[in-house]
Each structure stands twice: as structure tokens, then as C-alpha cells.
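Descriptive structure summary
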Amino acid sequence: MAARPEIAAVIWDFGGVFTSSPFEAFNRFEAERGLPKDLIRRINAANPDTNAWALFERNEVDPAGFDALFLEESAALGHPVPGRDVLPLLSGELRPRMVAALKACKSHFKVGCITNNVVSMHSPGQDEGQRAAGAMGQVMPLFDAIIESSKAGVRKPDPRIYLMMCELLAVEPGRCVYLDDLGVNCKPAAALGMRAIKVVDVDQTLADLAEATGLSFAEEGVA
């Protein structure tokens, strides 16, 4: 297959795309603590522009502030959870096939990363296991441009962050493919004219990416 000439860039989320989803760790934590399933996701979805996660990902509160605010928000739902207990759940396992797909795309297109992250030792790739595996070290140097919410002061799904990436890569939104594991983050990209792919699992993602880019991501080439 030949790369589609109308595509100029492929833009990626990080957590839940190159690493396993933190939602899996959230659910394990909830089960272990006897909490309702998806409680953490409910807390994160409430007041999404001003809640503890939003403030932390824009670096408007420090870890201590996040700890206290998240405890308040969870207590309001009847299940108090300190924010400090949730932060270690953010890291995931690296997905080698996705890294290989990124490398394949890089040989044909510009590649960028937009990540909602926090300034914390528990950010993806910062825990001991991930440092040993070199997850961030393997992936981040491959990108032509990176936007981190904690540094940019703006986070997905704010449309501005997608336009910031287009400006960095000097491409039009309509010539971009965007990948994210959250539908709420895919919607603004699609509204701007990008081909948005919601990452559900690796096989589905690589099939959708192949269709969007014209590249082939055969199992043997991305194992």
C-alpha cells in the first residue's frame, strides 16, 4: 500500500494509546477498595473544565492541591478517595506494536503528540517500572513536536491545543490523522477536519490507521 498523499501528519495521544489504559488500573483499584466501578471516571467527568484533574493537567494546582481537591470531589459522591492514592495508577504497560506503527508513520508523515499530563512522579513513564522499560524514552524522541497540557496550560478537548499542534507541524487540520483513547478528545479533532481514530484496542487501531494513511501494519512488522 502507498501512503496517502492527502495526509501530511499523524498526531497521537500517549496514555491509553502507546501504553495500556489507566482505566484498567482504576477499575482494579476500585475493586480492591470495594468502591463502585468507574467511580474515578465519574469524578473525572464531573465539571471537566474545573475539576481537580483539569486543574492538575493545566498545572494550576500542585500534587498536594490535587490530593485535597480530589478527596473533596470523591467525598461529595459518598466515597472519599485521596488524590495521592490515584496518581500511581496513571502509568501503563508499553504497547510495542503501537510504537512500531509510529515509526512506520514517521517515515512518511510528520508525527506529533498531544498529551494531557500532570507534573508528578507518577506521570506515565515516571514510575520505576516504566523507567526501566524506557517507555517515555523510547517513544517521545520519535515525535517531531510534543504538546503537554501541564506545560502548555491548555488541555484536550480544548480545540486550541489541536490547532497549536497543527501550527507546530505546519500542517492544515484537514491533512491530519488523530488518535486518542477518549471519544471526548476525538470529537474536537474531527470537528476541525482531522480524521479521528478512537483507540479501543491495538488490532482495531492499526486497521483504522492503515485505512486512513494507506500504510500497512502487518502483524509481523509490528510485533
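Just so you know, these numbers come straight off a predicted model, no measurement behind them.

Thoughts on the layout of surface pockets
In this model, the largest pocket occupies a volume close to 780 Å³. If you trace the largest pocket, you find 28 residues lining it, with Phe 23, Glu 57, Asn 116, Arg 155 and Leu 182 closest to the centre. If you list the elements that add at least two residues to the lining of the largest pocket, you get α1 (22-33), α2 (39-45), α3 (52-57) and α11 (183-191). Classifying every residue of the lining of the largest pocket by side-chain character gives 13 nonpolar, 7 polar and 8 charged.

Observations regarding α1
Its 12 residues place the ends of α1 17 Å apart at the C-alpha level, agreeing with the 16 Å of an ideal helix rising 1.5 Å per residue. Restricting attention to buried positions, one finds in α1 the residues Pro 22, Phe 23, Ala 25, Phe 26, Phe 29 and Glu 30. Within α1, the buried residues cover an arc of 155 degrees as seen down the axis, which keeps them to one side. Facing away from the buried side of α1, by more than 90 degrees, are the exposed residues Ala 31 and Glu 32. Between a side-chain oxygen at the N-terminus of α1 and the backbone nitrogen of Phe 23 the separation is 3.0 Å; the capping residue is Ser 21. One or two positions beyond α1, positive phi appears at Gly 34, with a value near 70 degrees.

Thoughts on the nonpolar core
In this structure, Trp 12, Phe 18, Cys 105, Phe 143 and Leu 209 are the most contacted members of the largest nonpolar core, which totals 30 residues. Those elements giving two or more residues to this core turn out to be β1 (9-12), α6 (96-106), β2 (110-115), β4 (176-180) and α12 (202-213). Once residues within four sequence positions are removed from consideration, Leu 209 is found in contact with Val 10, Trp 12, Ala 101, Cys 105, Val 177, Leu 179, Ile 197, Gly 214 and Phe 217.

What about the pairing of β4?
Among the 5 residues of β4, 5 are classified as buried, and the element is accordingly described as predominantly covered. Here 4 bridges tie β1 to β4, and the two strands are oriented parallel to one another. For Ile 11, the partnering residue across the bridge sits in β4 and is Tyr 178. Relative to strand β5 (residues 195-198), β4 runs parallel, the two being bridged by 4 bridges. Directly across from Val 177, in β5, lies its bridge partner Arg 195. At this point the chain moves from β4, through α11, to the parallel β5, and the crossover so formed is right-handed.

Rules used throughout
- Residues numbered from 1 in each chain as written.
- Predicted model: local features only at pLDDT ≥ 70, side-chain atom pairs only at ≥ 80, totals over all residues.
- Heavy atoms only, no water.
- 1 Å grid on protein atoms, 1.4 Å probe; cavity = no way out; pocket = protein on both sides within 12 Å on 5 of 7 lines; lining within 4 Å.
- Points joined across faces, edges and corners; volume = space filled by probe spheres on them.
- Helix = DSSP H or I, 4+ residues; strand = E, 2+ residues; numbered from the N terminus.
- Nonpolar A, V, L, I, M, F, W, Y, C, P; charged D, E, K, R; others polar.
- Expected span 1.5 Å × (residues − 1).
- Buried < 20%, exposed > 50% of the residue type's maximum accessible area, 1.4 Å probe, protein only.
- Arc of directions from axis to C-beta.
- Polar contact = N/O pair within 3.5 Å; in protein donor to acceptor, adjacent residues only side chain to side chain.
- Core = buried A, V, L, I, M, F, W, Y, C linked by side-chain atoms within 4.5 Å.
- Contact = heavy atoms within 4.5 Å.
- Pairing = 2+ DSSP bridges.
- Right-handed = clockwise from strand over helix to strand, strands pointing away.

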